[in-house]
Amino acid sequence: MSTTERTPGRPRAAVADLPAYRPGRDAQQAEAEHGITDAIKLASNENPEPPLAAVVEAIAAAATGVNRYADHRATPVREALAARLGVDAACITVGSGSSGVLHQIFSTYVADGDEVLFPWRSFEVYPIYTRLAAGRQVDVALTADLGVDVDALIGALTPATKVVVVATPNNPTGVVCPTADLARLAAAAGDDTIVVVDEAYREFAPADGDDAVRDLVGIHHNVVVTRTLSKAQGLAGLRLGYAIGHPGVIADIDKVAVPFAVNALAQAGALAALDNAAAINERVARIVAERTRVVDTLRAAGWWLPEPAGNFVYLPVGDAAADLALALERVGVVVRPFAGDGVRITIGTEAENDRMLTALASHPAVGR
Ligand SMILES: *Cc1c(COP(=O)(O)O)cnc(C)c1O
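Residues numbered from 1 in each chain as written. Predicted model: local features only at pLDDT ≥ 70, side-chain atom pairs only at ≥ 80, totals over all residues. Heavy atoms only, no water.

Peer 1: How would you sum up the overall build of the protein chain? Please name residues and give values.
Peer 2: Helix and strand counts for the protein chain stand at 14 helices and 12 strands. For the protein chain, whose C-alpha radius of gyration is 21 Å, the value lies close to the compact-globule estimate of 21 Å for 368 residues. Summarising its shape, the C-alpha atoms of the protein chain cover approximately 60 × 55 × 50 Å along the three principal directions. Every one of the 368 residues in the protein chain was classed for burial, and the buried ones make up 49%. (Helix = DSSP H or I, 4+ residues; strand = E, 2+ residues; numbered from the N terminus. Rg over C-alpha atoms; globule rule 2.2 N^0.38 Å. Buried < 20%, exposed > 50% of the residue type's maximum accessible area, 1.4 Å probe, protein only.)

Peer 1: Account for the sheet that holds strand β9 (residues 312-315), naming residues and giving values.
Peer 2: Think of a sheet as strands paired side by side through backbone hydrogen bonds, with each pair either parallel or antiparallel. The sheet built from 3 strands is open, its strands ordered β9-β12-β11 with antiparallel pairing. The open sheet has two free edges, formed respectively by β9 and β11 (336-338), since each of these has just one partner strand. On average, adjacent strands in this sheet sit at an angle of 20° to one another, irrespective of strand direction. (Pairing = 2+ DSSP bridges. Axes fitted to C-alpha atoms, helices over the stretch in contact; angles between N-to-C directions.)

Peer 1: Go over unusual backbone geometry, please, and point to the residues and values.
Peer 2: Here Thr-168 and Pro-169 are connected by a cis peptide whose omega angle stands at -10°. Turning to its location among the elements, Pro-169 is positioned in the loop between β5 (161-167) and α8 (179-189). Residue Pro-172 is reached from Asn-171 by a cis peptide bond, and omega for that bond is 15°. In this structure, Pro-172 sits in the loop between β5 and α8. Even without being a glycine, Asn-45 presents a positive backbone phi close to 55°. Along the polypeptide, Asn-45 turns up in the loop between β1 (40-41) and α3 (53-63). Of the residues examined, Asn-45 reaches a relative accessible area of 0% and is grouped as buried. One non-glycine residue, Leu-146, lies in the positive phi region at around 65°. For Leu-146, the location among the structural elements is in the loop between β4 (136-141) and α7 (150-156).

Peer 1: Before we move on, could you go through the site of the ligand and cite the residues and values that matter?
Peer 2: Residues in close proximity to the ligand include Gly-97, Ser-98, Ser-99, Phe-123, Asn-171, Asp-198, Ala-200, Tyr-201, Thr-228, Ser-230, Lys-231 and Arg-239, which together make up its full environment. Between the ligand and Ser-99, the relevant distance is 2.6 Å, taken from an oxygen atom to a side-chain nitrogen or oxygen of the residue. Asp-198 has a polar side-chain atom sitting 2.6 Å from a nitrogen atom of the ligand. Burial of the ligand by the protein chains amounts to 94% of its free accessible area of 390 Å². Here the shell around the ligand takes 3 residues from helix α5 (residues 97-109), the largest share from any one element. Grouping the amino acids of the shell around the ligand by side-chain chemistry returns 3 nonpolar, 6 polar and 3 charged. (Near = heavy atom within 4 Å. Polar contact = N/O pair within 3.5 Å; in protein donor to acceptor, adjacent residues only side chain to side chain. Areas by Shrake-Rupley, 256 points an atom, 1.4 Å probe, with all protein chains shown as cover. Nonpolar A, V, L, I, M, F, W, Y, C, P; charged D, E, K, R; others polar.)

Peer 1: So what about the pattern of salt bridges? Which residues, and what values?
Peer 2: Enumeration according to the criterion identifies 24 salt bridges in this entry. We note a salt bridge from Asp-215 to Arg-214, for which the minimum N-O separation is 2.6 Å. Each of the salt bridges in this network shares a partner with another, and the network as a whole consists of Glu-199, Arg-202, Asp-211 and Arg-227. (Salt bridge = Lys/Arg side-chain N within 4 Å of Asp/Glu carboxyl O.)

Peer 1: Residues and numbers for the side chain of Gln-267, please.
Peer 2: With respect to the helices, strands and loops of the structure, Gln-267 is situated in helix α11 (residues 264-275). With near-sequence residues (within four places) excluded, Gln-267 lies in contact with Ala-70, Asp-71, Ala-74, Val-77 and Val-262. (Contact = heavy atoms within 4.5 Å.)

Peer 1: Describe the packing of helix α12 (residues 277-300) against helix α14 (residues 350-361), naming the residues involved and giving the relevant values.
Peer 2: Interhelical geometry of α12 versus α14 gives an angle of 15° and a closest axis separation of 11 Å. On the basis of their axis angle, the class for α12 and α14 is roughly parallel. Relative to α14, the crossing made by α12 is right-handed. Where α12 abuts α14, its residues Glu-290, Arg-293, Val-294, Thr-297 and Leu-298 lie against Glu-350, Asn-353, Asp-354, Met-356, Leu-357 and Leu-360. Grouping the amino acids of the contact of α12 with α14 by side-chain chemistry returns 5 nonpolar, 2 polar and 4 charged. (Parallel < 35°, antiparallel > 145°, perpendicular 65-115°, else oblique. Left-handed = near helix turned anticlockwise from the far one by under 90°.)

Peer 1: Please set out the nonpolar core residue by residue, giving values where relevant.
Peer 2: Most often, soluble globular proteins have nonpolar side chains that are buried together. In terms of nonpolar packing, the biggest core is built from 77 residues, with Leu-185, Leu-298, Leu-315, Ile-345 and Leu-360 touching the most fellow members. The greatest single-element share of this core, amounting to 6 residues, is contributed by α12. Both of domain 1 (13-50 + 278-361) and domain 2 (53-276) provide at least three residues apiece to this core. Leu-185 has contacts with Val-150, Leu-153, Ile-154, Leu-157, Val-164, Val-166 and Val-195, leaving out every residue within four places of it along the chain. In terms of nonpolar packing, the next biggest core, distinct from the first, is built from 22 residues, Tyr-109, Val-116, Phe-118 and Ile-253 among them. (Core = buried A, V, L, I, M, F, W, Y, C linked by side-chain atoms within 4.5 Å. Domains from an automatic or database assignment.)

This is the structure we're talking about:
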């Protein structure tokens, strides 16, 4: 087939204009490109430890039943989450990762010209989903400390704002947005505007800190909290995320779900992970301890970095981001650059973090 031939079909303008999604590079790509071996990937905020044995066993057991459709509503998972969160099961929906849940939220609320408001820089998916829905992106800058500027968000609300999205801890900067600020935002937004609080990294934030489900859901009915089993539970490849919100909002979000989006293996694995919370908490504690060690080491070396509350750290090196990421990749440490802004580095195992710190030590620290 000739490549000069016209591509058949007429994609919607929103799709035709969309750049193709570029995922983080993996270790094998870096090895092939730079002629190295034993590269490590600290680029996608994955959990460095393999899944718990109980989770693998549950997935394997469920594999023998995949000739059948799974429970479309994933009822046992919703009920297990509801019991653990102390909310009614009608307040919970599940999706193919929290990216899947976010996609459902955008499909439910955003159409031609509707405004979607979020801080920037934040999760790459928000602008993509906004464009895909033919919505209008309205973004506000982060604060000097790379946290969320809630007053600026409130100031940017208009009658056309359909959805506001705030990630806390924010990706890629790692900074937490207090729920007291989110409550002010939700009150200012009002019931015609959905305020999504993306808590993909909440398990890594201080345990005695805020909790968007406890502090916001049930009080501000326009708030939807999204969470995932991809990060703390280490099930990124399995795809299960969930949302907690007002039952009416949840019912609306459920309407646009792809049938059977949460597959049988994901449901089985998720239930096993939820049943093994103590073991998961130990893993989270190890990552948090490593994060502290990494941050202390970098700050002692003169780096300025925003206060991290996720399973990653962020070096706001500005225009040096792409070059720094490439230099690290050449020595087998694959990190995530955001061109012109900074470099995000996932907390890995102790040995992986040591390699990363050693690699960074040959670069001049960037202070404030
Ligand atoms: C990783 C991430 C998610 C979701 O990941 P899923 O694997 O789709 O659940 C959502 N929000 C943010 C901010 C993330 O970094």
